[in-house]
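Given next are the chains, with one letter for each unit.
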Amino acid sequence: MWLRDFFFCLIMTVISSWNVNSIRVRANHVIKFIEEFKPDILLIQEIKCIDEEFPDFYSNLGYKSIINGQKAKYGVATIFKKNLIPKSIEINNEILNSQSRIQVINFQSLNLNVINLYTPNGNPLTDVNKFDFKLKWYEEVYQLIEKFTDNKQNLLVGGDFNVIENINDALNFREWENDALGHIKVRSKFREFLSLGLTNLTRIFYKPGQIFSFWDYQRSSWERNDGILIDHFLATPKILQNVVSLNYESKYRGLEKPSDHIPFWIELNI
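Residues numbered from 1 in each chain as written. Predicted model: local features only at pLDDT ≥ 70, side-chain atom pairs only at ≥ 80, totals over all residues. Heavy atoms only, no water.

1. A few points about helix α2 (residues 23–37)
Taking 1.5 Å of rise per residue, 15 residues should cover 21 Å, yet α2 covers just 18 Å from first to last C-alpha, more than 12% shy of that figure. At His29, α2 is bent by approximately 35 degrees, the largest bend along its length. The set of residues buried in α2 consists of Ile23, Arg26, Ala27, His29, Val30, Phe33, Ile34, Glu36 and Phe37. In the stretch just after α2, Lys38 is the one whose phi turns positive, near 50 degrees. (Helix = DSSP H or I, 4+ residues; strand = E, 2+ residues; numbered from the N terminus. Expected span 1.5 Å × (residues − 1). Bend = angle between axes of the 7 residues up to and from the residue. Buried < 20%, exposed > 50% of the residue type's maximum accessible area, 1.4 Å probe, protein only.)

Given below as structure tokens:
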């Protein structure tokens, strides 16, 4: 324990992400995570509530929030320590604004822009409109990221990408290759982000198949470790140079009434 506490003292910034699958159901789990890891910034996806219904479990822990909610589904929120002064960056894009799935926030004291995203699922493939919307959404996020990379600004993109990028990122990829998460068109769209100069931090610390971030509630997927990896952090070069570690907290999937995703976090020397 003392070694972990000592290690944390050496780290200036911890940034985490978690698709909680309803914040009102999972608020106590998020409190547990905050108390254990004390993140400076926590990106939350699939909050499933409007802004006014987002529970205030964080202010007495020393945090503030920026929320982009939507009634009963979707929604993202970013909570951050009160000493940080964020600036929310407006997104002028009809596709991205049509659903509450994304936030862009600048943290001036960290010299860091953060994109918190919850990518559309896109299923079923037989629903052409849903799948096409997912592809179009990816294209619009690409254009958004490009604005930062073209200007050589520091950027961290984190959240639920709803893509199985590598065939080994699923215990049984054959079950997913004709799904909107494993479809080659979606995998290709994700890889286009990397062509802008971003690095998938998971690939720095884990081999494909070594870690999963999602286990379905059905078919005893958690008990059989029949998982997939769909949650990531992507970073521009200067941020990459300051990454100390990346950690996925699988134990949170084993809690009572868990999210089907687990939290994950990075340590940055910034």
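Picking up where we left off.
2. Focus on the sheet that holds strand β5 (residues 86–88)
In spatial order, the strands read β5-β6-β7-β8-β10-β9; together these 6 strands make up an open sheet with mixed pairing. Each edge of the open sheet is held by one strand with a lone partner, namely β5 and β9 (199–200). Here β5 pairs with strand β6 (residues 102–107) via 3 bridges, running antiparallel. Paired with Ser88 across the strands is Ile105, a residue of β6. Across the face of the sheet, helix α4 (residues 128–150) comes into contact with β6, β7 (112–118) and β8 (155–160) while running at roughly 175 degrees to β7. (Pairing = 2+ DSSP bridges. Contact = heavy atoms within 4.5 Å. Axes fitted to C-alpha atoms, helices over the stretch in contact; angles between N-to-C directions.)

3. Topic: empty space enclosed by the protein
For the structure on display, the rule yields 1 cavity of 30 Å³ or more. The calculated volume of the largest cavity comes to roughly 60 Å³. In terms of residue class, the lining of the largest cavity is built from 3 nonpolar, 2 polar and 4 charged. (1 Å grid on protein atoms, 1.4 Å probe; cavity = no way out; pocket = protein on both sides within 12 Å on 5 of 7 lines; lining within 4 Å. Points joined across faces, edges and corners; volume = space filled by probe spheres on them. Nonpolar A, V, L, I, M, F, W, Y, C, P; charged D, E, K, R; others polar.)

4. A closer look at the sheet that holds strand β11 (residues 243–248)
Spatial strand order, β3-β4-β2-β1-β12-β11: 6 strands in an open sheet with mixed pairing. Strands at the two margins of the open sheet, each flanked by one partner only, are β3 (63–68) and β11. Direction aside, neighbouring strands of the sheet carry axes that sit 15 degrees apart on average. In the sheet, strand β1 (residues 13–19) pairs with strand β12 (residues 264–268) via 5 bridges, with the strands oriented antiparallel.

5. A closer look at the environment of Tyr217
With respect to the helices and strands, the residue Tyr217 is situated in the loop between α6 (201–205) and β10 (231–235). Given the relative accessible area of 38%, Tyr217 is considered partly exposed. Taking C-alpha positions, Tyr217 is 6.5 Å from Asp260, a pair spaced 43 residues apart along the chain. Here the side chain of Tyr217 touches Pro258 through a polar contact of 2.7 Å, landing on its backbone oxygen. Within the local environment of Tyr217, its side chain forms a polar contact with the backbone nitrogen of Asp260, the two atoms lying 3.1 Å apart. (Polar contact = N/O pair within 3.5 Å; in protein donor to acceptor, adjacent residues only side chain to side chain.)

6. Details of α4
Taking 1.5 Å of rise per residue, the 23 residues of α4 would be expected to cover 33 Å, and the 33 Å separating its terminal C-alpha atoms lies within 8% of that figure. Three or more residues of α4 are buried, namely Phe131, Lys134, Leu135, Trp137, Tyr138, Glu140, Val141, Tyr142, Leu144, Ile145, Phe148 and Thr149. Tucked inside the fold, the buried residues of α4 contact α3 (94–97), β6, β7, β8 and α5 (184–194). Immediately beyond the C-terminal end of α4, within one or two residues, lies Lys152, with a positive phi of roughly 55 degrees.

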